Amino acid sequence: MNLKEGPLWCDEGVYRIAKEFQSLKSKEFDNIFLGLGGFHMEKVIIACIGQYLGDIGIENVLVENEIFGPISVKGVMNGSNYIRGKRGMYLICEAIFRLQLDQFFKNNEYIKYKTLFEEISKFQSLLIEETASTHLLEYWNKLKNLLSQFQEKYEKFIDDGCKKSETFLFWNNFLKYLMPVLRDLTHSHRVGDWNLHLSSVKRALPLFFAFNHSNYSHWAPIYFEDCLNLPERFPYIHDEFIKGRFIVNHTEKKSSGVPMDQALEKEYNKVAKGHGGVIGVTREKIVVAKWNLIKHEKMKYIQLLQDICKCNEEGEYNLHHEFSDSITKADEECVEQIKCYINHRQNPFELADDNMLTNIVTGAAIDNGIKNHLINCIKIGEDLYEEYKETRMTT
């Protein structure tokens, strides 16, 4: 291909070594852009959110509702189990958001907004059926006025609650600041949105500092600065990333992309450790080397067999497996379980006489030092990041 520059994606452990080696041999390797793998970064963000929720009793909520077992829930909270961790955080987020909405409608009378929801439902039907864009635009302009009134009331409800209750503030920060980082980073990988990826990484940096993930606190800022310099240093790579070519798509499904390090885990490490793999079978270096040489040829025949048997007939309009009816139904049941369990004790968005931050299971007050760190974690992380940039990072 005669490329003069190229990207190389690694997890944090390899990135650290490669970056140090590149700094020592800058002339030889100055044409390589080193990327910090998004898959492992997502796992660390899940761990940060798990630390944020650790003292509040969420772990007990998940276990007592039999959503996760007492051992597997550890992997949810510390991010070591990616699938369970991400699912657990999304279930908690959805349940908490519904509790916030319930309290808003309780304070403001749901019947007042009945017309708005009826109009939204009509607009959804029109989007499916209507072909005349002019009529849709007129209806949307009418709907915008109703939505702006709702938004104004909702924002006032949030602002008042955050000023009056520590518990309200804690959970609103979870919904407004922490979960969007994980959601947007995952979405940027699914659809190949480079600008959203950069935005997500930028918002994740304070979390790495606030929750003392020292490896990512050290190397993620360097990766982010390299990304900002990408248009000047590597214009060709930047153009390709803007086109979405910083991820891997194994199928033609929409929103099914994965970051490079996750693709390596799925296509190489998983195969090596599974049936027919080499890990755990032998320690002979010659055998391992032979397996590595023929692995891609084996996969080529497996892919051919699957194509002949029509096992991979998936087009761009096939849904991602997370949106299947069975998974959607199971997740809906789990969300309702979590919501009812918390609401039975007290809706965290309901203002009470004592609005201190408490454990949602035991009702015990959270230690002042821990409480102040959690509520102000974003500001603490931002200050530490700025200090790190000023004292440790050089141009």
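The coordinates are above.
Position numbers for residues start from 1 in each chain and track the written sequence from start to end. Totals for whole chains, interfaces and linings use every residue, but because this is a predicted model, local features are given only for residues with pLDDT of at least 70 and side-chain atom pairs only at 80 or more, for both listing and counting. In computing side-chain values, all of the structure's heavy atoms are included and hydrogens and water are not.

Asks: How would you sum up the overall build of the chain? Please name residues and give values.
Replies: Scanning the chain for helices and strands turns up 18 helices and 4 strands. For the chain, the residues scored as buried account for 41% of the 395 residues in total. Whether two residues are in contact is decided by their heavy atoms: any pair within 4.5 Å suffices. Counting contacts in the chain only where the partners sit at least 6 residues apart, residues at least 24 apart contribute 72% of the total. We get accessible surface area from the Shrake-Rupley algorithm with a probe of 1.4 Å; when it comes to residues, only the shown protein chains can shield them. A total accessible area of about 23,000 Å² is found for the chain, and carbon and sulfur atoms account for 54% of it. Separation between the mean location of the 48 positive side-chain charges and that of the 56 negative ones in the chain comes to 3 Å. Runs of E in the DSSP output that reach at least two residues are strands. Runs of H or I that reach at least four are helices, and both are numbered from the N terminus. Partly exposed describes any residue whose relative accessible area lies between the buried limit of under 20% and the exposed limit of over 50%, with all areas from a 1.4 Å probe on protein chains only and scaled to the type maximum. Lys and Arg are tallied as positive, Asp and Glu as negative. Neither His nor the chain termini are counted. Working definition for charges: the position is that of NZ of Lys, CZ of Arg, CG of Asp or CD of Glu.

Asks: Give a detailed account of helix α18 (residues 377-391), specifying residues and quantitative values.
Replies: It helps to recall that an α-helix has 3.6 residues per turn; residues three or four apart then point in one direction. Residue count minus one, scaled by 1.5 Å, sets the expected span of a helix. For α18, which comprises 15 residues, the first-to-last C-alpha distance of 21 Å matches the rise-based estimate of 21 Å (1.5 Å per residue) to within 8%. Looking at the buried residues of α18, the elements they touch are α3 (38-53), α9 (166-191), α10 (194-210), α11 (214-228) and α17 (368-375).

Asks: Could you give an account of the pattern of salt bridges, with specific residues and numbers?
Replies: Each salt bridge in this description consists of a side-chain nitrogen of Lys or Arg and a carboxyl oxygen of Asp or Glu lying within 4 Å of one another. In the structure shown here, the tally under the stated rule is 17 salt bridges. Note that Glu166 is salt-bridged to Lys371, the shortest N-O span being 3.1 Å. Note that Glu166 is positioned in helix α9 and Lys371 in helix α17, a separation of 205 residues in sequence. Overlapping salt bridges, with partners in common, bring together Glu94, Arg98, Glu332 and Glu336 in one network.

Asks: Quick rundown of the packing of helix α1 (residues 12-24) against α11? Include the residues and the values.
Replies: Only the stretch in contact is used when a helix axis is fitted, and all axes are lines through C-alpha atoms; the angle between N-to-C directions ranges over 0 to 180 degrees. One way to put it is that α1 packs onto α11 with a least axis distance of 11 Å and a crossing angle of 60°. Considering their axes alone, α1 and α11 lie oblique with respect to each other. Here the hand of the crossing between α1 and α11 comes out left-handed. For the pair α1 and α11, contact is made by Glu12, Tyr15, Arg16, Lys19 and Glu20 and by Asn215, Tyr216, Trp219, Ile222, Tyr223 and Asp226, respectively. Broken down by class, the residue content of the contact of α1 with α11 amounts to 5 nonpolar, 1 polar and 5 charged. Working rule for angles: under 35 degrees goes down as roughly parallel, over 145 as roughly antiparallel, 65 to 115 as roughly perpendicular, anything else as oblique. Helix crossings fall into two classes, left-handed where the near helix is turned counterclockwise from the far one by less than a right angle and right-handed where it is turned clockwise. Only Asp, Glu, Lys and Arg are considered charged, only Ala, Val, Leu, Ile, Met, Phe, Trp, Tyr, Cys and Pro nonpolar, and every remaining residue, Gly among them, polar.

Asks: Go over a nonpolar patch on the surface with me, naming the residues and quoting the values.
Replies: On the surface, Tyr301, Leu304 and Ile308 cluster together into a nonpolar patch covering about 360 Å² of accessible area. Residue position: Ile308 is located in helix α15 (residues 285-308). Only residues whose relative accessible area exceeds 30% and that form no salt bridge enter a patch; like-charged residues are grouped when within 9 Å of one another, and nonpolar side chains (Val, Leu, Ile, Met, Phe, Trp, Tyr) when within 5 Å.

Asks: Go over the nonpolar core with me, naming the residues and quoting the values.
Replies: Across soluble globular proteins, nonpolar side chains have a tendency to be buried as a group. Within the largest apolar cluster, 95 residues are counted, with the highest numbers of intra-cluster contacts made by Leu53, Trp171, Phe174, Phe208 and Tyr223. In contact with Phe208, not counting residues within four places along its chain, are Met41, Val44, Ile45, Cys48, His213, Tyr216, Ser217 and Ala220. Here, nonpolar core refers to any group of buried Ala, Val, Leu, Ile, Met, Phe, Trp, Tyr and Cys residues whose side-chain atoms link them within 4.5 Å.

Asks: Kindly report on the packing of α3 against helix α6 (residues 82-108), identifying the contributing residues and their values.
Replies: Packing of α3 against α6 brings their axes to within 10 Å, and their N-to-C directions diverge by 45°. For the element pair α3 / α6, the angle class is oblique. For the pair α3 and α6, the sense of crossing is left-handed. The segment α3 lies against α6, with Phe39, Glu42, Lys43, Ile46, Ile49, Gly50 and Leu53 engaging Tyr82, Gly85, Lys86, Met89 and Ile92. Looking at the contact of α3 with α6, its residues break down into 7 nonpolar, 2 polar and 3 charged.

Asks: Describe the side chain of Asn173, naming the residues involved and giving the relevant values.
Replies: Along the polypeptide, Asn173 turns up in helix α9. By relative accessible area, Asn173 is classed as buried at 10%.

Asks: Could you give an account of unusual backbone geometry, naming the residues involved and the relevant values?
Replies: If you check the backbone angles, Glu66 has positive phi at about 60° while not being a glycine. Within the element layout of this structure, Glu66 appears in the loop between α4 (58-64) and α5 (72-78). Glu66 gets classed as exposed once you look at its relative accessible area, which sits at 71%. Positive phi, normally seen in glycine, also occurs at Asn212, with a value near 60°. With respect to the helices and strands, the residue Asn212 is situated in the loop between α10 and α11.

Purely geometric stuff here, so don't read any function into it on its own.
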